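# Observations on chain architecture
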Amino acid sequence: RLKDAKAAEIAAAWLASAPEEKLRDIAVRCVRELDLRQHVEDVRRLLEDDDEPTRIAAMVALSEWGDEASRPAFAPTTA
């Protein structure tokens, strides 16, 4: 939340290759808080993650960023 450059670097690294579910979730939350939209592709990839909190964090970040390309992944469907 302090917009620390080192935090942004660590969050980006975790986002790209975090082996642990908890780190992916935190990484998404950090890149969202830091508004690191240049990592939108990595966040989109996590919409299909096995970990539910990670998927939710990705949805929140992408919806806050207004990412139209990912909208179909979390838009309500009509029956």
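It should be emphasised that the depicted structure is a prediction, and the values quoted were computed from it without experimental measurement. (Residues numbered from 1 in each chain as written. Predicted model: local features only at pLDDT ≥ 70, side-chain atom pairs only at ≥ 80, totals over all residues. Heavy atoms only, no water.)

With that out of the way, let us pick up the overall build of the protein. A tally of helices and strands in the protein yields 5 helices and 0 strands. When the helices and strands of the protein are placed in sequence order, the string is α-α-α-α-α. For the protein, the proportion of its 79 residues judged to be buried stands at 34%. The contacts of the protein with a sequence gap of at least 6 include a subset with a gap of at least 24, amounting to 53%. Total accessible area computed for the protein in this model is approximately 5300 Å², and 53% of it derives from carbon and sulfur atoms. (Helix = DSSP H or I, 4+ residues; strand = E, 2+ residues; numbered from the N terminus. Buried < 20%, exposed > 50% of the residue type's maximum accessible area, 1.4 Å probe, protein only. Contact = heavy atoms within 4.5 Å. Areas by Shrake-Rupley, 256 points an atom, 1.4 Å probe, with all protein chains shown as cover.)

If you look at the biggest cluster of nonpolar residues, it comprises 17 residues, and the most contacted ones within it are L15, V28, V31, V43, L62 and W65. Of all the secondary-structure elements, those providing two or more residues to this core are helix 1 (5-17), helix 2 (21-33), helix 3 (40-45) and helix 4 (52-64). The biggest single contributor to this core is helix 4, with 4 residues. Sequence-distant contacts of W65, defined by excluding residues within four places in its chain, comprise V31, R32, D35, L36, R37, V40 and V43. (Core = buried A, V, L, I, M, F, W, Y, C linked by side-chain atoms within 4.5 Å.)

For helix 2, which comprises 13 residues, the first-to-last C-alpha distance of 19 Å matches the rise-based estimate of 18 Å (1.5 Å per residue) to within 8%. Turning to helix 2, its buried residues number three or more, namely R24, D25, A27, V28 and V31. Angular distribution of buried residues about the axis of helix 2 spans 160°; they occupy a single face of the element. Those residues of helix 2 that are buried are in contact with helix 1, helix 3 and helix 4. (Expected span 1.5 Å × (residues − 1). Arc of directions from axis to C-beta.)

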